[in-house]
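Spelled out, the chains give:
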Amino acid sequence: MMNTRLTTIPPEVIECIEHGRLPRIHELQRVAASIRSDLERSACAFSWGAAMPDEWERLLILRVAQAALTGNGDEPT
């Protein structure tokens, strides 16, 4: 049987949605770090040597975090 883990929504996402506001820069960075961490945990064993993301990957993760926090990719405040 596969071991499944529960995914936790970062509290910054909940807060921004709850208050209907754009994220602050530190919230964007925190959610991006959470996404990156989730990706690292789900990577296959053969990719463990690639710990540092390329610049394009870092920017893509920031855009994903921004979309999660705003729902539409608006700029953080």
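These figures come from a predicted structure and were not determined experimentally. (Residues numbered from 1 in each chain as written. Predicted model: local features only at pLDDT ≥ 70, side-chain atom pairs only at ≥ 80, totals over all residues. Heavy atoms only, no water.)

Enquirer: What should I look at first to understand the overall build of the protein in this one?
Expert: Per the secondary structure count, the protein includes 3 helices and 0 strands. Taken across its 77 residues, the protein has 23% of its residues classed as buried. Taking all contacts inside the protein whose residues are at least 6 apart in sequence as the whole, residues at least 24 apart take part in 59%. Of the roughly 5900 Å² of accessible surface on the protein, 62% is carried by carbon and sulfur atoms. (Helix = DSSP H or I, 4+ residues; strand = E, 2+ residues; numbered from the N terminus. Buried < 20%, exposed > 50% of the residue type's maximum accessible area, 1.4 Å probe, protein only. Contact = heavy atoms within 4.5 Å. Areas by Shrake-Rupley, 256 points an atom, 1.4 Å probe, with all protein chains shown as cover.)

Enquirer: Is there a simple way to explain the side chain of Glu 27 in this structure?
Expert: Its place among the elements puts Glu 27 in helix H2 (residues 25-42). Its relative accessible area of 6% is what places Glu 27 among the buried residues. In terms of polar contacts, Glu 27 uses its side chain to reach the backbone amide nitrogen of Arg 24, at 2.7 Å. Ignoring sequence-local partners within four residues, the contact set of Glu 27 consists of Glu 12, Cys 16, Arg 21 and Leu 69. (Polar contact = N/O pair within 3.5 Å; in protein donor to acceptor, adjacent residues only side chain to side chain.)

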